[in-house]
Amino acid sequence: MARRSMYGNLVVLIITITLISHACHAYLAKEKVTKLHFFFHDIFSGDHATTVQVAHPQGTVIKPDNSVNFGAVYVLDDPLTEGPDLNSRVIGHAQGFYASAGQKELVLVVAFDFGFTSGEFNGSSISVLSRNTVLESEREMAVVGGRGKFRMARGFAELKTYFFNITSGNAVVEYNITVFHY
């Protein structure tokens, strides 16, 4: 008798989970695909730097010519623009941090929030958490979330270096992002 009751409870549990799952999916509506294109300006030099180093490994000496500052951590508030020129229309900001994670090559682990401040996606953002092999001219990073119109986002960002100055560290990177969201 107890065995029969256990199976009955299991069936009820499975039906309940299935109904809740369908209700949640219906609430989220139909999944959308959005493609975004913009330029990211990472500025280390001058009076209006948008990226600053906030930590480095104990015992290391920071040298301007050391492009592989293994263990260094940077915080950024970089403009996102429609075109590669810094004077083109600003559509948002990338805010977050990255850490130099490669001992022998320039590899960053990044955590960015691309917050949009104009257009259709004003007030929405995309979250990226990924590895960035900076010296490769073309690379890919993972979109792991978002908010606003990009709630429950996932996808990928294809990056292409438009400009990079190894001496100053300043860079302009072209982003083509494909986002799946509800």
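Residues numbered from 1 in each chain as written. Predicted model: local features only at pLDDT ≥ 70, side-chain atom pairs only at ≥ 80, totals over all residues. Heavy atoms only, no water.

(A) Spatial organisation of the overall build of the chain. When helices and strands are tallied, the chain shows 1 helix and 9 strands. Going from the N terminus to the C terminus, the chain shows its helices and strands as α-β-β-β-β-β-β-β-β-β. Intrachain contacts of the chain at a sequence separation of at least 6 include 50% that bridge at least 24 residues. When the accessible surface of the chain is split by element, carbon and sulfur atoms take 59% of a total near 11100 Å². (Helix = DSSP H or I, 4+ residues; strand = E, 2+ residues; numbered from the N terminus. Contact = heavy atoms within 4.5 Å. Areas by Shrake-Rupley, 256 points an atom, 1.4 Å probe, with all protein chains shown as cover.)

(B) Up close: a nonpolar patch on the surface. Taken together, the side chains of Val 52, Val 54, Val 75 and Phe 97 present a nonpolar region at the surface, about 330 Å² in accessible area. Position of Val 52 relative to the elements: it lies in strand E2 (residues 51-55). Owing to a relative accessible area of 42%, Val 52 belongs among the partly exposed residues under this scheme. (Patch = residues over 30% accessible without salt bridge, like charges linked within 9 Å, V, L, I, M, F, W, Y side chains within 5 Å. Salt bridge = Lys/Arg side-chain N within 4 Å of Asp/Glu carboxyl O. Buried < 20%, exposed > 50% of the residue type's maximum accessible area, 1.4 Å probe, protein only.)

(C) Inspection of the packing of aromatic side chains at higher detail. By the definition in use, this model includes 14 aromatic pairs. With 5.6 Å between their ring centres and 85 degrees between their planes, Phe 44 and Tyr 74 make a pair best called edge-to-face. Here Phe 44, found in the loop between strand E1 (32-42) and E2, pairs with Tyr 74, found in strand E3 (residues 73-81); they are 30 residues apart in sequence, far enough to count as distant. Looking at Tyr 74, the relative accessible area reads 11%, which means it is buried. Both rings, one in Phe 114 and one in Tyr 175, keep their centres 5.2 Å apart while their planes meet at 65 degrees; by these two values the pair is edge-to-face. Residue Phe 114 is found in strand E5 (residues 107-116), and its partner Tyr 175 is found in strand E9 (residues 171-181); the two are separated by 61 residues along the sequence. (Phe/Tyr/Trp six-rings, centres within 6.5 Å; stacked < 30°, edge-to-face > 60°.)

(D) Representation of the environment of Phe 97. Here Phe 97 shows up in strand E4 (residues 90-100). Along the sequence, Phe 97 and Thr 51 sit 46 residues apart, while their C-alpha atoms lie 8.8 Å from each other.

(E) Fine view of the pattern of salt bridges. One pass over the full model with this rule turns up 4 salt bridges. Of the charged contacts, one joins Glu 82 and Arg 89 as a salt bridge, the two residues approaching to 2.8 Å between their closest N and O atoms. Since its relative accessible area comes to 41%, Glu 82 is described here as partly exposed. Across the pair Arg 147 and Asp 113 runs a salt bridge whose closest N-O atoms are separated by 3.8 Å. Of this pair, Arg 147 sits in strand E7 (residues 138-147) while Asp 113 sits in strand E5; the two residues are 34 residues apart in sequence, bridging distant segments of the chain. Assessed through its relative accessible area of 44%, Arg 147 is described here as partly exposed.

(F) Local environment of the nonpolar core. With 31 residues, the main nonpolar core has Phe 114, Phe 116, Ile 126, Tyr 175 and Ile 177 as its most contacted residues. For this core, the elements supplying multiple residues, two or more each, are E1, E3, E4, E5, strand E6 (125-133), E7, strand E8 (154-164) and E9. Among residues more than four places away in sequence, those in contact with Ile 126 are Leu 36, Phe 112, Asp 113, Phe 114, Phe 116, Val 143, Gly 145, Gly 146, Phe 150, Ile 177 and Val 179. (Core = buried A, V, L, I, M, F, W, Y, C linked by side-chain atoms within 4.5 Å.)

(G) Region of the structure containing unusual backbone geometry. The backbone of Met 152 sits at a positive phi, close to 65 degrees, despite the residue not being glycine. Tracing the sequence through the fold places Met 152 in the loop between E7 and E8. Residue classification places Met 152 among the partly exposed positions, given a relative accessible area of 49%.

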